[in-house]
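Tertiary structure, described
The primary structure of each chain is shown beneath.
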Amino acid sequence: MKEPEKAQKILDALDALKNRMTEASALRSAISSRFDSELKKLKEEKEREKELGMEDIPRSVHHMIYHDLRTGHAKTYGAKRLFLDDQIRSAHIHKNRHYQWVLAEAYEGFEDFLENLYAGMGYVDYDFWPVSDYKNTHRSDLPTKDFDWFLSQVAIKKSKPNSILACFRNKFDELRKIETKNKLDCHVGFDVCLISKLRHL
């Protein structure tokens with residue numbers, strides 16, 4: 001395969017990332033619009049509730065039941081009264097959980113991008129990867145390998161995505177510097193790590 005065609009794999013990875021981030025951003029916006037509308041209505045109801053002196057009256061009562069395996073009968077094990085404040089709190093929690101899901105989707109798109117980019121870099125420049133990533137494959141055999149082979153090697157790479165990021169940092173000094181010293185005053189490495197953890201809360 002010609003070099004420009006190989007390099008296209010890197011551009012394809014970038015295009016895929018842009019598409020995933022665009023979808024995530026649109027989804028976040030839709031979630032925000034929906035929940036902001038719901039919260040606005042709930043807060044308006046809260047004002048009316050105060051005016052009418054109905055704050056001590058529950059909006060609903062939920063009985064918790066289970067079905068006994070021996071008898072098949074429904075049995076109550078608890079009850080909860082829900083007030084308007086509970087509904088407002090619940091709306092905030094649900095909004096944050098939806099955001100968490102979008103964040104997880106976006107992060108997984110970022111991880112996919114890193115893997116495809118790393119595969120593309122190895123495909124274009126055989127010296128980019130550390131020798132250990134090639135396992136038992138000899139350098140002289142690399143020109144016979146297609147892009148899918150490089151992807152398969154990335155799939156079994158250990159300690160991803162940190163090992164991939166470490167390789168990019170070692171190859172590009174500018175990346176290492178801008179991660180900690182940038183106009184956004186953020187620590188990109190820390191933020192990426194934090195987001196990866198937030199997915200599992």
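Refer to the structure printed above.
Now for a description of the structure that goes with this document. (Residues numbered from 1 in each chain as written. Predicted model: local features only at pLDDT ≥ 70, side-chain atom pairs only at ≥ 80, totals over all residues. Heavy atoms only, no water.)

Quick look at the overall build of the protein chain
Within the protein chain, the secondary structure is distributed over 6 helices and 2 strands. Considered along the principal axes of its C-alpha atoms, the protein chain spans approximately 80 × 55 × 25 Å. Scored against the burial criterion, the 201 residues of the protein chain give a buried share of 27%. If you take every contact in the protein chain between residues at least 6 apart in sequence, the share linking residues at least 24 apart comes to 59%. Each charge class in the protein chain was averaged separately, 35 positive and 33 negative side chains, and the resulting centres sit 3 Å apart. (Helix = DSSP H or I, 4+ residues; strand = E, 2+ residues; numbered from the N terminus. Buried < 20%, exposed > 50% of the residue type's maximum accessible area, 1.4 Å probe, protein only. Contact = heavy atoms within 4.5 Å. Lys, Arg positive; Asp, Glu negative; His and termini not counted. Charge placed at Lys NZ, Arg CZ, Asp CG, Glu CD.)

Some details on the nonpolar core
Tyr118, Phe128, Trp129, Tyr134, Phe150 and Phe168 are the most contacted members of the largest nonpolar core, which totals 23 residues. Contributions of two or more residues to this core are made by helix H1 (3-52), helix H2 (84-124), helix H3 (147-155) and helix H4 (162-171). Excluding its chain neighbours within four sequence positions, the residues that come into contact with Phe128 are Tyr118, Met121, Cys167, Phe168, Lys171 and Phe172. (Core = buried A, V, L, I, M, F, W, Y, C linked by side-chain atoms within 4.5 Å.)

Concerning the packing of H2 against helix H6 (residues 188-198)
Where H2 meets H6, the axes come as close as 9 Å, and the angle between the chain directions of the two elements is 125 degrees. It follows that H2 is oblique to H6 by the angle criterion. H2 and H6 meet at a crossing whose hand is left-handed. Of the residues in H6, those touching H2 at Gln100, Leu103, Tyr107 and Phe110 are Val192, Ile195, Ser196 and Leu198. Looking at side-chain class alone, the contact of H2 with H6 contains 6 nonpolar, 2 polar and no charged residues. (Axes fitted to C-alpha atoms, helices over the stretch in contact; angles between N-to-C directions. Parallel < 35°, antiparallel > 145°, perpendicular 65-115°, else oblique. Left-handed = near helix turned anticlockwise from the far one by under 90°. Nonpolar A, V, L, I, M, F, W, Y, C, P; charged D, E, K, R; others polar.)

Focus: the pairing of strand S2 (residues 74-82)
Sheet topology places strand S1 (residues 60-67) next to S2; 8 bridges connect them, and they run antiparallel. The residue bridging Ile65 from the neighbouring strand is Thr76, located in S2. Counted between consecutive antiparallel strands, the loop separating S1 from S2 contains 6 residues, among which Gly72 sits at a positive phi close to 80 degrees. (Pairing = 2+ DSSP bridges.)

Quick word on the pattern of salt bridges
Taken as a whole and assessed by the stated rule, the structure comprises 14 salt bridges. Salt-bridge contacts for Arg20 lead to Asp112; the nearest nitrogen and oxygen are separated by 3.1 Å. With a gap of 92 residues between them, Arg20 in helix H1 and Asp112 in helix H2 connect regions that are remote in the sequence. Taking the relative accessible area as the measure of exposure, Asp112 reaches 35% and is therefore partly exposed. Here Lys160 and Glu115 are joined by a salt bridge, their closest N and O atoms 3.5 Å apart. Taken as a pair, Lys160 in the loop between H3 and H4 and Glu115 in helix H2 lie far apart in primary sequence, 45 residues in all. With relative accessibility at 28%, the residue Lys160 sits in the partly exposed group. (Salt bridge = Lys/Arg side-chain N within 4 Å of Asp/Glu carboxyl O.)

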